[in-house]
Amino acid sequence: VFFQLLLLAPFVLFMLAGWIMLFPFEQAARNSDWSLGGFLRFKLTSFLPLFPLFFISLLEDLAILLPEAWRKAVYEDILVGFCAQVFVVIFLVAGFPLILRRAFSTSPLPTGALRTRLEQLAAKAGVRVRDILVWHTGGGKITNAMVSGAFPSLRYIFITDELLRSFPEAEIEAVFGHELGHARHRHLIFYAILPFFLLFLMTLGLAGAEAAHVTGALGGLAATLAILAAGLIGFVFLSRAFERQADLFGARLCGNTHTFV
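Residues numbered from 1 in each chain as written. Predicted model: local features only at pLDDT ≥ 70, side-chain atom pairs only at ≥ 80, totals over all residues. Heavy atoms only, no water.

Please explain the packing of aromatic side chains as it appears in this structure.
We describe a pair of aromatic rings using the distance from one ring centre to the other and the angle between the two ring planes. Applying the stated criterion across every chain yields a total of nine aromatic pairs. Centroid distance Phe23 to Phe39: 5.4 Å. Interplanar angle 45°. Geometry classified as tilted. Taken together, the residues Phe23 in helix 1 (residues 2–30) and Phe39 in helix 2 (residues 36–44) connect sequence positions 16 residues apart. Ring centres of Phe104 and Phe158 lie 5.8 Å apart, and the angle between their planes is 85°; on these two criteria the pair is classed as edge-to-face. Pair noted here: Phe104 is in the loop between helix 5 (78–103) and strand 1 (105–108) and Phe158 is in strand 4 (residues 156–160), with a separation of 54 residues, a long-range link. Residue Phe104 is classed as buried on the basis of its relative accessible area of 8%. Assessed through its relative accessible area of 0%, Phe158 is described here as buried. (Phe/Tyr/Trp six-rings, centres within 6.5 Å; stacked < 30°, edge-to-face > 60°. Helix = DSSP H or I, 4+ residues; strand = E, 2+ residues; numbered from the N terminus. Buried < 20%, exposed > 50% of the residue type's maximum accessible area, 1.4 Å probe, protein only.)

See the structure below:
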């Protein structure tokens, strides 16, 4: 893991340098109250989707500590290996919303008319939500919302402080309806599985390259092309289709197309 972090260091440093140069423009464009530290902390949360891949890599490195018989069973017994992978996937899918809640600066949406309206909307949509959270952006004036949690008992909807401050309640309700659409149509399950599917394709690409006696850079290229192909399909085509589906769901749910737009 330490070696892999060193390999990532140039990329991370490059990103940090870019963010530092971007900071005055972001601050001016949003008329925000961000400090440089607050801005960098907010931008660093964009790396959170990489956590599942890092966690899997960490487990693979720690596998050397297992007794030899266990390690052999995990890597050579197909059923045991499959069960271990399923357990890791379920653990990550269940725990990731809790990680987001802690990584972001959040607090429960206060009790009141707006929270009551949103809870009633979730009930109307048939979507269970564990909590509705205010996502504090540190004065960044970011208007955004998102849903996290494939399992209803660990599902949170995050709404930024600026969206709550600047949008009328009917429009907040419409945005909330869009997020409920993602949950209702089970888009979160797809997004939870996709990173592991990409890892599978990478392994398949490397195995295919090895079987064809293609090694070195060409083997890595085969794995990279497999990931890019799945990524383009998943994050370009399907993600846009999911957004449109959530839009339609939200518009129907709030009952006013003009308000939703």
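From this point, the narrative continues.
Which parts of the structure should I look at to understand the environment of Val175?
With respect to the element layout, Val175 can be found in helix 8 (residues 169–184). According to the relative accessible area criterion, Val175 is partly exposed, its value standing at 23%. Taking C-alpha positions, Val175 is 9.1 Å from Ala251, a pair spaced 76 residues apart along the chain. When residues no more than four places from it in sequence are discounted, the contact partners of Val175 are Ala145, Leu163 and Phe167. (Contact = heavy atoms within 4.5 Å.)

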